[in-house]
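Chain by chain, the residues:
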Amino acid sequence: MDPGEFFASSRVLIVAGKGGVGKTVTAATIAAAASRCGLSVLLVEVSGRSAAAPMFGADAQGYEEAVLVHAGNQHGEIRGRSITPDQALVEWLSGHGFQRIVKRMTKSGLLEVVATATPGIKDLLVFGRIKALEAARAADLIVVDAPAAGHALGFLRSPAGVREAARSGTIHRQAVEVLEMISDPSRCQVVLVTIPEETPINELIETSFAVEDEVGVKLGPVVVNSVLPRIDGLDGRLRWAKCSDHERSDLATAAEFRAGRTALQDEQLARLEDRLPLPQIRLPQIFGTSIGPDDLEQLATTMLAEIESLEDLS
Ligand SMILES: Nc1ncnc2c1ncn2[C@@H]1O[C@H](COP(=O)(O)OP(=O)(O)OP(=O)(O)O)[C@@H](O)[C@H]1O
Ligand SMILES: [Mg+2]
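Now for a quick tour of the structure. Because the structure is predicted, anything quoted here is derived from the model rather than measured.

The next subject is the overall build of the protein chain. The helix and strand inventory of the protein chain stands at 12 helices and 9 strands. Here the C-alpha atoms of the protein chain give a radius of gyration of 22 Å, agreeing with the 20 Å that 2.2 N^0.38 yields for 314 residues. Referenced to the eigenvectors of the C-alpha coordinate spread, the extents of the protein chain come out at roughly 80 × 40 × 40 Å. The long-range fraction of contacts in the protein chain, counting pairs at least 24 apart against all pairs at least 6 apart in sequence, stands at 73%.

Encoded structure:
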């Protein structure tokens, strides 16, 4: 399908998955790829960290929005910001006529009081800010780097939970409005990320059914990150390599190890395809110490090609 059409098909993409599988890298890759389709992008981090900025060669951004990539001839602007529950609560209260309380109470842990009273409220507050940004058309595409670990499901479940807990009033309304956004596929979709290994894939399969059936959010394609690129004819090349017998034997061991890993990986990719009827976008493992702007370009190029090769998504 046309990548530009894909990125324009939903205003908010929430990138979720198990801790450490590459959510931040995937969110940054989506931002870079969408920008190359001419879209303006706002990348939102909700974990309280600013992990994405260095991948764009920019300084870490804070709560305030910062430009990560300036708009050019061929690409849209990418801005980044972070949203934390504390800051979202202060903003929300300030916008609802509680400025005086905010001034008096933020220092004494207002959020903790509110959070204890209504479970899920922290996540809902963050969602509320995202919804406000979406309503204000802050960018053509808002990419949300969702919280780590098993928290992703809790994050997605929070609006429904709060709607039940607070049966009326502003908080209830906020929950209802957020639910309206996340259950409308033209406004919000979830992109789940995994790596091609057994446990993360099992978790992804479970999460995906919970997300669609229980939370009612549409799932976009699944991103399989850190896929080992295939090296064809490794054995054949070894035979002709100019090296000592000792080196040859070391290389053969390495080649065997690599072949073993790719075989395991292929098995997992096939299993995922079999168990989960969602299109896959595969991103290669990048070799090096950390992911910089050049690597991100490479990942975005791969993502664009992968989307191009997908059948039209309905
Ligand atoms: N395709 C890749 N190739 C090489 N390294 C990668 C790739 N994807 C992610 N990494 C590296 O793996 C680590 C984890 O990636 P990332 O921070 O994106 O994961 P995460 O899911 O956001 O983690 P967390 O749950 O802690 O937020 C980082 O050091 C990142 O640079
Ligand atoms: Mg992360």
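Another point: the nonpolar core. Counting 82 residues, the largest nonpolar core has Val15, Leu43, Val143 and Val144 as the members making the most contacts within it. No other element matches helix α2 (residues 23–36), which puts 8 residues into this core.

Sheet faces and side chains relate simply in a regular strand, where the side chains alternate between the two faces. In terms of burial, strand β1 (residues 12–17) is a largely internal element, 6 of the 6 residues being buried. On β1, burial covers both faces: Val12, Ile14 and Ala16 on one face and Leu13, Val15 and Gly17 on the other are all buried. Where β1 lies against strand β5 (residues 141–145), 4 bridges are found, and the strand directions are parallel. Following the sheet pairing, isoleucine 14 is matched in β5 by valine 144.

Moving on, we get to the packing of α2 against helix α12 (residues 293–308). Two numbers describe a pair of packed helices, the interaxial angle and the distance between the axes. Between α2 and α12, the least distance of the axes is 8 Å, while the angle of their chain directions is 70 degrees. Taken together, the axes of α2 and α12 lie roughly perpendicular to each other. Between α2 and α12 lies a crossing whose hand is right-handed. Each of Ala28, Thr29, Ala32, Ala33 and Arg36 in α2 lies in contact with α12, whose residues at this interface are Leu296, Glu297, Leu299, Ala300, Met303 and Leu304. Tallied by class, residues from the contact of α2 with α12 come to 8 nonpolar, 1 polar and 2 charged.

What follows covers helix α9 (residues 198–215). What sets the pattern is the α-helix's 3.6 residues per turn: residues three or four places apart point alike. Compared with an ideal rise of 1.5 Å per residue, which puts 18 residues at 26 Å, α9 spans 25 Å between its outermost C-alpha atoms and is within 8% of the ideal. Buried within α9 are the following residues: Pro200, Ile201, Leu204, Thr207, Ser208 and Val211. The arc that holds every buried residue of α9, seen down its axis, measures 125 degrees, which confines them to one face. Summarising the geometry of α9, the exposed residues directed more than 90 degrees from the buried face are Glu198, Thr199, Glu206, Phe209, Asp213 and Glu214.

Following the sequence through the fold, leucine 89 ends up in helix α3 (residues 85–95). Separated by 33 residues in sequence, leucine 89 and lysine 122 place their C-alpha atoms 8.0 Å apart.

In this model, arginine 137 sits at a positive phi of 50 degrees, which is unusual for a non-glycine residue. Residue placement: arginine 137 occurs in the loop between α6 (121–135) and β5. Accessibility expressed as a C-beta count within 10 Å gives 10 for arginine 137, which makes it exposed. Look at serine 226: it is not a glycine, yet its phi comes out positive at around 60 degrees. Its location among the elements puts serine 226 in strand β8 (residues 222–227).

So, on to the pairing of strand β4 (residues 78–82). Buried residues dominate β4, accounting for 4 of its 5 residues. Bridging between strand β2 (residues 41–45) and β4 involves 5 bridges; their strand directions are parallel. Paired with leucine 43 across the strands is glycine 80, a residue of β4. Bridge analysis of strand β3 (residues 66–69) against β4 gives 3 bridges, and the strand direction is antiparallel. Residue valine 67 lies in a different strand from β4, and its bridge partner there is arginine 79.

Our focus in this paragraph is α6. Along its 15 residues, α6 runs 20 Å from first to last C-alpha, staying within 8% of the 21 Å computed at 1.5 Å per residue. With respect to burial, α6 is a largely interior element, 12 of its 15 residues being buried. All buried positions along α6 are accounted for by Ile121, Lys122, Asp123, Leu124, Leu125, Val126, Phe127, Gly128, Arg129, Ile130, Lys131 and Leu133. Directly beyond the C-terminal end of α6, a positive phi value near 50 degrees is found at arginine 137.

Calculation notes
Residues numbered from 1 in each chain as written. Chains lettered and ligands numbered in written order. Predicted model: local features only at pLDDT ≥ 70, side-chain atom pairs only at ≥ 80, totals over all residues. Helix = DSSP H or I, 4+ residues; strand = E, 2+ residues; numbered from the N terminus. Rg over C-alpha atoms; globule rule 2.2 N^0.38 Å. Contact = placed C-beta atoms within 7 Å. Core = buried A, V, L, I, M, F, W, Y, C linked by C-beta atoms within 7 Å. Buried ≥ 20, exposed ≤ 12 C-beta atoms within 10 Å, placed from the backbone. Pairing = 2+ DSSP bridges. Axes fitted to C-alpha atoms, helices over the stretch in contact; angles between N-to-C directions. Parallel < 35°, antiparallel > 145°, perpendicular 65-115°, else oblique. Left-handed = near helix turned anticlockwise from the far one by under 90°. Nonpolar A, V, L, I, M, F, W, Y, C, P; charged D, E, K, R; others polar. Expected span 1.5 Å × (residues − 1). Arc of directions from axis to C-beta.

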